[in-house]
Number of protein chains: 2
Amino acid sequence: MTAQPLPSCLGVVAAAGSIPIAVCEAARKQGIDVFVVALKGQAAPSIERFPHRWVRLGQVGGLLGALRGAKCDDVVIVGALRRPDLWRIGVDFGFIRHLPTILSLARGGDDAILRRVVRFFEGQGFTVRGAHEIAPSLLAPAGPFGAQMPNEEHHADIARGVALLDALGPFDVGQSVVVARGHVLAIEAAEGTDKMLRRCKTLHQSGRQRRVGVLIKAPKRGQELRVDMPVIGPRTVEMAAVAGLAGIAVMSGEVMIADQAETVRLADRNRLFILGIDRTV
Amino acid sequence: MTAQPLPSCLGVVAAAGSIPIAVCEAARKQGIDVFVVALKGQAAPSIERFPHRWVRLGQVGGLLGALRGAKCDDVVIVGALRRPDLWRIGVDFGFIRHLPTILSLARGGDDAILRRVVRFFEGQGFTVRGAHEIAPSLLAPAGPFGAQMPNEEHHADIARGVALLDALGPFDVGQSVVVARGHVLAIEAAEGTDKMLRRCKTLHQSGRQRRVGVLIKAPKRGQELRVDMPVIGPRTVEMAAVAGLAGIAVMSGEVMIADQAETVRLADRNRLFILGIDRTV
């Protein structure tokens, strides 16, 4: 997190989910003007209540032009990016012009790609801000939130999961793992947290009655948090519940919670704990 | 691998796949009498051409009795174990008697479980031999086999995969990973290699025409190879081909190849390489 003063105007490049909207609302509350560049096929339609322009992912020229037209030097790039259909991204001249950079983005892990996205925007004269700089209330706090508390077994699973994520960091992979009673059930690589959780249901020993195991989610050390902060939300809780897990542990201050009230409500209803942990666990 | 002399009689506890049969055949060729304890719902019916007795997984007493009746001091426990339906394992008195041991097996990672299985049989007076001690030709040799050769990009992916598997070893997880152009696509935990390969197809960047990426498979350091040697076979090659991978790298001498001729034939037909690598890659 930086100590930079807040800008007077903020460009929000918005992909999917509720977090772009939460960022716009938080900005407005602080007296910051927002201009949204909404990505077609990605951003939620309700983003339209803010001044905006829709662009396709391939309209790199259009995107940069929209941000410049709004005279925003500071940009936030935020929201979940669904895998685009390469034939429908609507390439424009700016895309062609920046093609070498864009092609180079396709190589390497997520982190390498996102660092280059930041560098690209910075190269175009923008200051890239993290969503959490504008909306710090999105960050997971430390300690339990919701009604359930982890027990000793869960704490041991969490410690093992954190150590495992640490071991994976050098390989630019692994934002989350599932550990159940010391046994590593699943490790997330390129498939994403949702798909990883989906397969956990069948990996539990059959006949189990009570909830067992923890989803542990944390950014890699040195991950580019300005554009790639891990997120959990209502869907994560629902999928963890279906997977039979006992709870979710996230790195406090380094993971965002989408729809916090709904997330906690669902966790309570499914008797799952959610715990904000420290790096020093 | 031990330098123990070959036994005159061998008990083969047979689970699924062709490898139990290959072990029986290799034993016979060396003049070793075999007696098969075939696990119901697991072993291939063609195992019946050897002297055998079928037992359910829960018939621990029956299993031990069959081995003792055949007067085999040496046993091989071999084949893929499909997840049993706990209500249909046909518990006998021996199961009840050994219940505390069996229950303790259910905790921990695969490696921990299989070590305890070995210890259980040893505690019952048996010598547990590795399938590869009886049938060393099942082991993957060093170097390429089949017609395709890995290129420099593939070698880099293999080195990254081996390093990643090494990093996972302390967590008793990860027999295989998929790395494509430096990017870790998938890490195997409790789901097994087949399921991991299944999700790789959609993880490739869309629009890719040529084969990219390598499945790297190796035992964990210190893995109990007598009862848990990693295996690839025709199905692995087919799934790797569907996933769009360029090849498969296995730790030579520490991974078994089922149906070697068919495996190589399928690899050649799909233009996949198979490479036996050294720990020192």
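Residues numbered from 1 in each chain as written. Chains lettered and ligands numbered in written order. Predicted model: local features only at pLDDT ≥ 70, side-chain atom pairs only at ≥ 80, totals over all residues. Heavy atoms only, no water.

Draft legend 1. Quick look at the nonpolar core. Counting 96 residues, the largest nonpolar core has Ile187 of chain A together with Ile187 of chain B as its most contacted members. The residues contacting Ile187 of chain B, other than those within four sequence positions of it, are Leu168, Val173, Ile187, Ala189 and Arg199 of chain A together with Leu164, Leu168, Ser176, Val177, Met196 and Arg199 of chain B. (Core = buried A, V, L, I, M, F, W, Y, C linked by side-chain atoms within 4.5 Å. Buried < 20%, exposed > 50% of the residue type's maximum accessible area, 1.4 Å probe, protein only. Contact = heavy atoms within 4.5 Å.)

Draft legend 2. Focus on the domain arrangement of chain A. Residue and element names in this part refer to chain A. Taken domain by domain, chain A consists of domain 1 (9–136) and domain 2 (139–277). Each partner contributes residues to the interface: domain 1 has 18 residues there, and domain 2 has 15 residues. Of the roughly 1400 Å² buried between domain 1 and domain 2 on both sides combined, carbon and sulfur atoms contribute 57%. Two residues, Arg226 and Glu122, come together in a salt bridge whose shortest N-O distance is 3.1 Å. Elements with a minimum of two residues in the side of domain 1 that touches domain 2: helix 5 (110–123), strand 5 (127–129) and helix 6 (131–134). A per-element tally of the side of domain 1 that touches domain 2 places helix 5 first, with seven residues. (Domains from an automatic or database assignment. Buried area = accessible area lost by both parts, 1.4 Å probe. Salt bridge = Lys/Arg side-chain N within 4 Å of Asp/Glu carboxyl O. Helix = DSSP H or I, 4+ residues; strand = E, 2+ residues; numbered from the N terminus.)

Draft legend 3. Broad picture of the pattern of salt bridges. Taken as a whole and judged by the stated rule, the model has 24 salt bridges over all chains. Glu191 of chain A is paired through a salt bridge with Arg199 of chain B; the nearest N and O atoms lie 3.6 Å apart. Taken together, the residues span two chains, with Glu191 of chain A in the loop between strand 8 (183–187) and helix 8 (193–203) and Arg199 of chain B in helix 8 (residues 193–203). Under the relative-accessibility criterion, Glu191 of chain A is labelled buried at 9%. Residues Arg181 of chain B and Glu153 of chain B are paired through a salt bridge, measuring 3.9 Å at the closest nitrogen-oxygen approach. One end of the pair, Arg181 of chain B, is in the loop between strand 7 (176–180) and strand 8 (183–187); the other, Glu153 of chain B, is in helix 7 (residues 152–168), with 28 residues separating them in the sequence. For Arg181 of chain B, a relative accessible area of 25% corresponds to the partly exposed category. Salt bridges sharing common partners tie together Glu191 and Arg199 of chain A together with Glu191 and Arg199 of chain B.

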